[in-house]
Amino acid sequence: QVVQFWGSSGINAEYGGAFCDINHAVKLHPTPTMLTNRGVIHQYMGESMNAMTDFRTALEADPTYSLAYFNAANLYFNLRLFEKALRYYDEAVKNCTEDESAVLNRAIARVMLRDYVGAMEDFHTAISLNPFAAHSYFNRGNLHLTLGNNAEAEEDFRKALSLQPKDSASFTQLAVALGRQFRKDEALENYRKSIKLAEG
């Protein structure tokens, strides 16, 4: 999410009320859940250090709390500290093996670190956990493109579009996959669909 408006107090107008509420709740009951929720709001407000402090405090209270690991990992990922992000995603998945989002984000972190084998394994796992998430097929399709697996990429982008038919990015990437298979007319058709959707 993009933070757009800041008040004179330095608290984003969109999150200011939520921050006051959760801050009061943390003072009354500083549970790992409350601390993690406050950390997420800090993160949305652009306060990375305060966010990480809350996530770490939550983990000191409960070293198995996967959601704190997950959000800390996302923070490190957004800061482009991918190795640290990967370590925290590992902990999130270890403590909640059914967390499709943690597995998927770990896959993307692995792509950024060029661990393509590990990333592909995680994409397969994320899809097995939730076979109806278009973004998982989209991301796996992008990895297939990177690896030159153009037919497999095409299959993934088509699956993503079957689940989310109006996603212009999937049409664009499908066009790339088709173009690399020398299917020019089909590629152009999908580029046109992407442009039409993007223009609204």
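Everything quoted here is computed from the prediction, not taken from an experiment.

Chemist: Describe the packing of helix 8 (residues 134-147) against helix 9 (residues 150-163), with residues and values.
Modeler: Helix 9 packs onto helix 8 with a crossing angle of 165 degrees between their chain directions and a minimal axis gap of 8 Å. One way to sum up the angle between helix 8 and helix 9 is to call them roughly antiparallel. Taken as a pair, helix 8 and helix 9 cross one another with a handedness that is left-handed. Where helix 8 approaches helix 9, its residues A134, Y137, F138, R140, G141, N142, H144 and L145 are matched on the opposing element by N150, E152, A153, D156, F157, K159, A160 and L163. In the contact of helix 8 with helix 9, the residues fall into eight nonpolar, four polar and four charged.

Chemist: Tell me what's going on with the confidence of the model for the protein chain, and back it up with residues and numbers.
Modeler: Per-chain confidence: the protein chain averages 90 in pLDDT, with 91% of residues scoring 70 or above. Predicted confidence is poor over residues 1-13, with pLDDT under 50, and the contacts of this stretch with residues over four places away or in other chains come to 18 contacts.

Chemist: Go over helix 2 (residues 32-44) with me, naming the residues and quoting the values.
Modeler: With 13 residues, helix 2 extends 18 Å from end C-alpha to end C-alpha; this agrees with the ideal 18 Å at 1.5 Å per step. Inspection of helix 2 places P32, L35, T36, R38, G39, V40, I41, H42 and Q43 among the buried residues, and these make up the whole buried set. Just past helix 2, the residue G46 takes up positive phi, approximately 85 degrees.

About the criteria used
- Residues numbered from 1 in each chain as written.
- Predicted model: local features only at pLDDT ≥ 70, side-chain atom pairs only at ≥ 80, totals over all residues.
- Heavy atoms only, no water.
- Axes fitted to C-alpha atoms, helices over the stretch in contact; angles between N-to-C directions.
- Helix = DSSP H or I, 4+ residues; strand = E, 2+ residues; numbered from the N terminus.
- Parallel < 35°, antiparallel > 145°, perpendicular 65-115°, else oblique.
- Left-handed = near helix turned anticlockwise from the far one by under 90°.
- Contact = heavy atoms within 4.5 Å.
- Nonpolar A, V, L, I, M, F, W, Y, C, P; charged D, E, K, R; others polar.
- pLDDT = per-residue confidence, 0-100.
- Expected span 1.5 Å × (residues − 1).
- Buried < 20%, exposed > 50% of the residue type's maximum accessible area, 1.4 Å probe, protein only.

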